[in-house]
Amino acid sequence: MSEATEKSIPPEKLVRVTFQPEGRTVEFEFGTMPYERHGKPMSFLDVAENNGVFLDHACGGVCACSTCHVLIKAGEKGLTPADDDELDRLDMAADQQLNSRLGCQAVITRPGEYVVEIPKWNRNYVAEGKPLTLAEAK
Ligand code: FES
């Protein structure tokens, strides 16, 4: 079920982001979300922080840890491309896939539908409720 706000968002400005496997969907008007100082503005980490969705970010969103690793399931064309720093960091992420991105670096550039999946190893970390070192995550 969507957590859309009661106010109506013009369809041409609607951003809808679903975080899997929780199935949590948040909606907002493109260009209106305040910046929460975690990751790049309008990154998935920024969206998560703005909406109470847990997405790990051990380095604070500065492309230095890979704990914000997400898999892009929909909306890839609306994102900024990964730069060399992100690609280098992703090489260190556990279970890297072709659709892997760093949640703090992948920025939503236009309205539309986006679906990201938080990888299993990261979900386990959340479920166990304790820090997991990067060495353990490999
Ligand atoms: S939070 Fe550390 S790389 Fe994204």
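Just so it is clear, the structure is predicted and the values come from calculations on it, not from any experiment.

(A) Fine view of the overall build of the chain. Per the secondary structure count, the chain includes four helices and five strands. For the chain, the sequential pattern of α-helices and β-strands runs β-β-α-β-α-β-β-α-α.

(B) Layout of the nonpolar core. In this structure, V17 and F44 are the most contacted members of the largest nonpolar core, which totals 22 residues. If we skip the residues at most four places from it in the chain, F44 touches V17, L55, V70, G103, A106 and V116.

(C) Highlighting the sheet that holds strand β4 (residues 100-102). Pairing within the open sheet is mixed, and its five strands lie in the order β2-β1-β5-β3-β4. Of all the strands in the sheet, the pair left with one neighbour each is β2 (24-29) and β4. The mean angle between the axes of side-by-side strands here comes to 35 degrees, regardless of whether they run parallel or antiparallel. In terms of strand pairing, strand β3 (residues 69-74) meets strand β5 (residues 112-117) through three bridges, oriented antiparallel. Within β5, the position partnered with L71 by the bridge is E117.

(D) Inspection of the pairing of β5 at higher detail. Bridge analysis of strand β1 (residues 14-20) against β5 gives six bridges, and the strand direction is parallel. Within β5, the position partnered with F19 by the bridge is V116.

(E) Just the environment of H38, in detail. The topology assignment puts H38 in the loop between β2 and α1 (44-50). For H38, a count of 21 C-beta atoms within 10 Å gives the class buried. Taking the C-alpha atoms as reference, H38 lies 10.0 Å from Q105; in sequence the two are 67 residues apart. Excluding its chain neighbours within four sequence positions, the residues that come into contact with H38 are L45, D46, E49, H57, G60, G61 and C104.

(F) Representation of the environment of Q96 in the model. Note that Q96 resides in the loop between α2 (84-90) and β4. Beyond its immediate chain neighbours, meaning those up to four positions away, Q96 contacts L90 and D91.

(G) Structural context of unusual backbone geometry. Each neighbour pair has its own omega, and for Q20 with P21 the value is 0 degrees, a cis peptide bond. Positive phi, close to 70 degrees, is recorded for M42, a residue that is not glycine. Along the polypeptide, M42 turns up in the loop between β2 and α1. By the C-beta count within 10 Å, which is 20 here, M42 ends up buried.

(H) Looking closely at the environment of G61. Within the fold, G61 resides in the loop between α1 and β3. Spatially, the C-alpha atom of G61 lies 7.3 Å from that of K40, the residues being 21 residues apart in sequence. With near-sequence residues (within four places) excluded, G61 lies in contact with H38, G39, L45, C68 and C104.

Analysis parameters
Residues numbered from 1 in each chain as written. Predicted model: local features only at pLDDT ≥ 70, side-chain atom pairs only at ≥ 80, totals over all residues. Helix = DSSP H or I, 4+ residues; strand = E, 2+ residues; numbered from the N terminus. Core = buried A, V, L, I, M, F, W, Y, C linked by C-beta atoms within 7 Å. Buried ≥ 20, exposed ≤ 12 C-beta atoms within 10 Å, placed from the backbone. Contact = placed C-beta atoms within 7 Å. Pairing = 2+ DSSP bridges. Axes fitted to C-alpha atoms, helices over the stretch in contact; angles between N-to-C directions.

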